[in-house]
Amino acid sequence: MSQDYRYLAVADARKPRLGRRLVQPILYSAVRALSRTSIEGLENLPRHGPVILIYNHIHAIDPFVTVGLLPRYGVPMSKIENYDIPLFGRLIRWFGVIPVKRGEADVWAIKAANAVLEAGHVLLIAPEGTRSKDGALQIGKEGLAYMARKTDPLIVPVGFTGSTALGASFKRVRPVPLRLRYGEPFRFRWPEGKLTREHLRLLTDAAMGRLAALLPLEMRGVYRDPQPEWEAWLRPAS
């Protein structure tokens, strides 16, 4: 798929593309029908300016619940394989999701992500790159820090809990409680000189540590034990 997704960086967030305007109400209604969602710390999401919103990924519906209830214009990123799923692939294409080729430096995905941030919008990323089978955090991919390098956006972590029970809700047609917990925004503290792979690893782990702190202990996975050096790579939003 070689389509240029920089068109998702709309000039006016109040006037998204037709596909988004058609799918958004359907998405919102589905989220409300399938879940009882509580949101904590939404005041931590800046009202304006570029933001990378990072969240833990435990169910296919996670990014759609997050973006569906987002009070700003946001663009998720998703593995390119999702575009081949019947109906689902068409819906996310209409809605506006940046496809990513995993395991390589996807130039077009990076260009689209940078365009969204440069336009002052929200970019949604699941740094783990794939769903966690046991609900616990996996190692975050360095692409998070790489995406943030050009625009130095605010980063807002969102801890997601409850979606593992969604499968049962489909069978019983009973809404399940979901919880989104927004953490305080921060920026990376960039090293001087050339940005190395080691730097990307340290920056990503620091951000994942902030995300882990929003989750129950049993869901923190590889980030269960905070490392003292993590905070040295982050700086306050102000």
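Thresholds applied
- Residues numbered from 1 in each chain as written.
- Predicted model: local features only at pLDDT ≥ 70, side-chain atom pairs only at ≥ 80, totals over all residues.
- Heavy atoms only, no water.
- Phe/Tyr/Trp six-rings, centres within 6.5 Å; stacked < 30°, edge-to-face > 60°.
- Helix = DSSP H or I, 4+ residues; strand = E, 2+ residues; numbered from the N terminus.
- Buried < 20%, exposed > 50% of the residue type's maximum accessible area, 1.4 Å probe, protein only.
- Lys NZ or Arg CZ within 6 Å of the ring centre and 35° of its normal.
- Patch = residues over 30% accessible without salt bridge, like charges linked within 9 Å, V, L, I, M, F, W, Y side chains within 5 Å.
- Areas by Shrake-Rupley, 256 points an atom, 1.4 Å probe, with all protein chains shown as cover.
- Salt bridge = Lys/Arg side-chain N within 4 Å of Asp/Glu carboxyl O.

Visitor: Give a detailed account of the packing of aromatic side chains, specifying residues and quantitative values.
Guide: Here a ring pair, both rings aromatic, is described through the centre-centre distance and the interplanar angle of the planes. Following the criterion strictly, the structure yields six aromatic pairs and no others. On the basis of an interplanar angle of 80° and a centroid distance of 6.2 Å, the ring pair of Tyr5 and Tyr83 is categorised as edge-to-face. Here Tyr83 lies in the loop between β3 (74-79) and α3 (88-95) and Tyr5 lies in the segment before α1 (18-34), a separation of 78 residues in the sequence. Classification of Tyr83 as buried rests on a relative accessible area of 5%. Ring geometry for Phe188 versus Trp190: centroids 5.4 Å apart, planes at 65°, classification edge-to-face. A relative accessible area of 1% means that Phe188 is categorised as buried. Across the ring face of Phe95, the terminal group of Arg20 is positioned such that the distance to the ring centre comes to 3.8 Å. Here Lys111 stacks its cationic end above the ring of Trp108, 4.7 Å away from the centre of that ring.

Visitor: Before we move on, could you go through a nonpolar patch on the surface and cite the residues and values that matter?
Guide: Taken together, the side chains of Leu87, Leu91 and Trp94 define a hydrophobic patch exposed on the protein surface, amounting to about 310 Å² of accessible area. Looking at the secondary structure, you find Leu91 in helix α3.

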